[in-house]
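One-letter residues, chain by chain:
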Amino acid sequence: MIAPAVFAALAVAAVAVAGWCWSRASRAEAQQGALAAQLNAQAEAHAQAQSKAEATRRQESEALLLELQRARDNLSALNLRHQDAEARLLTLNNQAQRVGAITVALARAEAELTTLTTRAQDAEATVIEQAQALQTTQGRLDHAERELSRLRLDREGGASRAIFVRMQELDQRAEELQRRLDVWARRAQDAEAELARRESETHDASVLAERDELRARVGALEDSQRRVTTTRAALRAVGLPLTPRDDQLFSAERREGTESALREVYTNAQAAAAVICDRRGVSWARFGNALIVERLVATAAQAARHPATEALGRPVQLVSELFGVYGRHLIHLPGPELWLGVTSSRECPALGLRLARLQLIGVPTLTTPPPDDTPELALDPDRSDRLGAWAARRGALAAAIFGEGDPASTDSPFAGACAPLVPEVLTAFRRVQRDGFAAGFTLLWRGEDDLCLAARVMEDGQTVTFARFSAPPSPRALDDLSATVRWLTPPMAAAS
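Residues numbered from 1 in each chain as written. Predicted model: local features only at pLDDT ≥ 70, side-chain atom pairs only at ≥ 80, totals over all residues. Heavy atoms only, no water.

Undergrad: Tell me about empty space enclosed by the protein, and please be specific about residues and values.
TA: Summed over all chains, the structure comprises one cavity of 30 Å³ or more. Lining the largest cavity, in full, are Thr299, Gln302, Ala303, His306, Val319, Glu321, Leu421, Glu424, Ala428, Arg431, Leu443 and Trp445. Taken together, the elements giving at least two residues each to the lining of the largest cavity come down to helix H5 (290-305), strand S3 (318-323), helix H10 (422-434) and strand S8 (442-446). For the lining of the largest cavity, the per-class residue count stands at six nonpolar, three polar and three charged. (1 Å grid on protein atoms, 1.4 Å probe; cavity = no way out; pocket = protein on both sides within 12 Å on 5 of 7 lines; lining within 4 Å. Points joined across faces, edges and corners; volume = space filled by probe spheres on them. Helix = DSSP H or I, 4+ residues; strand = E, 2+ residues; numbered from the N terminus. Nonpolar A, V, L, I, M, F, W, Y, C, P; charged D, E, K, R; others polar.)

So this is what it looks like as structure tokens:
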């Protein structure tokens, strides 16, 4: 049992402890309030600092964005200026090129002007000379007109002297032919009378054969006379000259007609080029592509320098150079010694070329075939027999082959006539091969009666074959000839 004094002491101590605890709690609460107030103040200060920092960053970001926008605008402006500068540079380069071209053109124009000045001076001198010649010609023309008037008065309004002389020539030719026909008719009548007398005495077979031969000759002459009359009538109906014309194709009064005939051939043949040239390779009139015209002129010059008259057996009228699906075709104008040619398809426009030939030179005088004095060559018998079999199968008149070893041919004089043509055929082949047109290369010479001489170069580029036909051969016949002689080289021929 606790004493009251102790209990009172303990109560006092408990009261003191409770007061101390209460004071400590009050102090702690006061400290906590002060700390909370301090924290609130710090939070407010931190919030204000953050808002100030955010406002500053926002202002800085806006300023930076404005600077970026200005920089982008500046960059766009610089790009536009760069593009404008490039366009101006390109324009300046183009203008510089134009200036260079204009400078070159001016230099050429100055050179041409110098040339034209020289030509103008030459032309002026030529004009003066021509004016003098024109005056002289005018005087001659006046004199000729007076003479023509006098002749017309003398003939009481008849045809001009030129037409009259031409008609006289035609009449004289017709009378001469009629006299010849009368002579042969009288001879035939006399022969028939003599044969009748002999036949009454004896029936000798030789006499009957002679009579039949004379009758055949008389009939042939009558047929020839009828053909001549029909041909003359046909030529007169189409307005073509019947007698040989002069060789002044490019005189002042005939140039237009000559160029018209050439243009007609060029148009009808659908040609790439057409030309009239001489044996020197000088063109007098031309139509079409300049490069094709030059190649056509070269072909004409070569054909003129090396004719195939002896190998063909008569004068050459048409020459064709065939390659691939194209061809160069030439016709000889014997009076003025010119060549008229076209470059067109492989098929030769023979009718158009011959019609133009008649329009330009008229009916030429008859030419005699060349003498048959060509040398004979030693031939390879084996290959010659092969060629003979091919000629019999294809209806060729003669054939020959030149290459390694001895030549082969169905006819030794024909081979001798073709031998000089071999280097010319090879030269033409190499020229066409250089131009890239050597496929199926063939040279074809043709007479007035379409008798043909064909030459073809084999695949080796050294062997040349010739064949003569009574009419233009088909490409298949020449291919067959190439296939026949392809394996007939001298070693294989010896082995066989």
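Undergrad: Describe the nonpolar core, listing the residues and the values that go with them.
TA: Core analysis: the largest hydrophobic core is formed by 40 residues, its most contacted members being Val425, Phe441, Trp445, Leu453 and Phe466. Ignoring anything within four residues of it in the chain, the contact list for Trp445 reads Ala308, Leu312, Val316, Leu318, Val319, Leu421, Val425, Leu451, Cys452, Leu453, Ala455 and Phe466. One finds Leu262, Ala274, Val342 and Leu360 within the second-largest nonpolar core, a separate group that totals 22 residues. (Core = buried A, V, L, I, M, F, W, Y, C linked by side-chain atoms within 4.5 Å. Buried < 20%, exposed > 50% of the residue type's maximum accessible area, 1.4 Å probe, protein only. Contact = heavy atoms within 4.5 Å.)

Undergrad: For the sheet that holds strand S2 (residues 283-288), give the residues involved together with the corresponding values.
TA: Read from one edge to the other, the open sheet built from 10 strands follows the order S2-S1-S5-S4-S3-S8-S9-S10-S6-S7, with strand pairing classed as antiparallel. The outermost strands of the open sheet, each flanked by one partner alone, are S2 and strand S7 (408-409). Judged from the six bridges that link them, strand S1 (residues 273-278) and strand S5 (residues 338-345) form a sheet pairing that is antiparallel. Its bridge partner being in S5, Cys277 is matched across the sheet by Trp339. Here H5 sits on the sheet in contact with S1, S2, S3, strand S4 (326-333) and S5, set at roughly 40 degrees to S1. Along the sheet, H10 makes contact with S3, S4, strand S6 (398-402), S8, strand S9 (452-457) and strand S10 (464-469), crossing S10 at roughly 110 degrees. (Pairing = 2+ DSSP bridges. Axes fitted to C-alpha atoms, helices over the stretch in contact; angles between N-to-C directions.)

Undergrad: So what's going on with the side chain of Thr299? Residues and values would help.
TA: Inspection of the secondary structure puts Thr299 in helix H5. Classification of Thr299 by relative accessible area gives buried; the value is 4%. Ignoring anything within four residues of it in the chain, the contact list for Thr299 reads Glu321, Arg328, Leu330 and Arg431.

Undergrad: Would you mind going over the pairing of S1 in detail, with residue names and values included?
TA: Each regular strand displays side chains that alternate between the two surfaces of the sheet. Taken across its six residues, S1 has six buried, putting it largely inside the fold. Burial of the side chains of S1 extends over both faces: Ala273, Val275 and Cys277 are buried on one face and Ala274, Ile276 and Asp278 on the other. The sheet contact formed by S1 and S2 spans five bridges and is antiparallel. Bridging across to S2, Cys277 finds its partner in Ser283. The hairpin turn running from S1 into S2, its antiparallel successor, is four residues long, and Gly281 in that turn takes a positive phi close to 90 degrees.

Undergrad: Outline the packing of helix H4 (residues 255-268) against helix H7 (residues 350-361), listing residues and values.
TA: Direction vectors running N to C along H4 and H7 enclose 175 degrees, while the axes themselves pass 10 Å from each other. Considering the angle they form, H4 stands roughly antiparallel to H7. On H7, the residues that touch Thr258, Ala261, Glu264 and Val265 of H4 are Gly352, Leu353, Ala356, Gln359 and Leu360. For the contact of H4 with H7, the per-class residue count stands at five nonpolar, three polar and one charged. (Parallel < 35°, antiparallel > 145°, perpendicular 65-115°, else oblique.)

Undergrad: Provide a residue-level description of the packing of aromatic side chains, including the pertinent values.
TA: Counted according to the given criterion, the structure contains four aromatic pairs. When the ring of Tyr266 is compared with that of Phe287, the centres are 5.8 Å apart and the planes differ by 25 degrees; the resulting orientation is stacked. One end of the pair, Tyr266, is in helix H4; the other, Phe287, is in strand S2, with 21 residues separating them in the sequence. Its relative accessible area of 23% is what places Tyr266 among the partly exposed residues. The exposure class of Phe287 is partly exposed, given its relative accessible area of 21%. (Phe/Tyr/Trp six-rings, centres within 6.5 Å; stacked < 30°, edge-to-face > 60°.)

Undergrad: Report on H7, specifying residues and quantitative values.
TA: In a regular helix each residue adds 1.5 Å, so 12 residues correspond to 16 Å; H7 covers 16 Å between its end C-alpha atoms and thus fits that length. Listed as buried for H7 are Ala350, Leu353, Ala356, Arg357, Leu360 and Ile361. End-on view of H7: buried residues confined to an arc of 130 degrees, all on one side of the axis. Against the buried residues of H7 lie H4, S1, S3, S4, S5 and S8. Backbone geometry just after H7 places Gly362 at a positive phi near 75 degrees. (Expected span 1.5 Å × (residues − 1). Arc of directions from axis to C-beta.)

Undergrad: Describe the pattern of salt bridges, naming the residues involved and giving the relevant values.
TA: Within this structure, the stated rule accounts for 10 salt bridges. Between Asp449 and Arg314 there is a salt bridge, with the nearest N and O atoms lying 2.1 Å from each other. Here Asp449 is found in the loop between S8 and S9, whereas its partner Arg314 is found in the loop between helix H6 (309-312) and S3, with 135 residues between them in sequence. Under the relative-accessibility criterion, Asp449 is labelled partly exposed at 44%. Judged by relative accessible area, which is 30%, Arg314 ranks as partly exposed. A salt bridge links Arg393 to Asp480, with the shortest nitrogen-to-oxygen separation between them at 3.0 Å. Placement of Arg393 in helix H8 (residues 381-394) and of Asp480 in helix H11 (residues 475-485) is noted, with a sequence separation of 87 residues between them. (Salt bridge = Lys/Arg side-chain N within 4 Å of Asp/Glu carboxyl O.)

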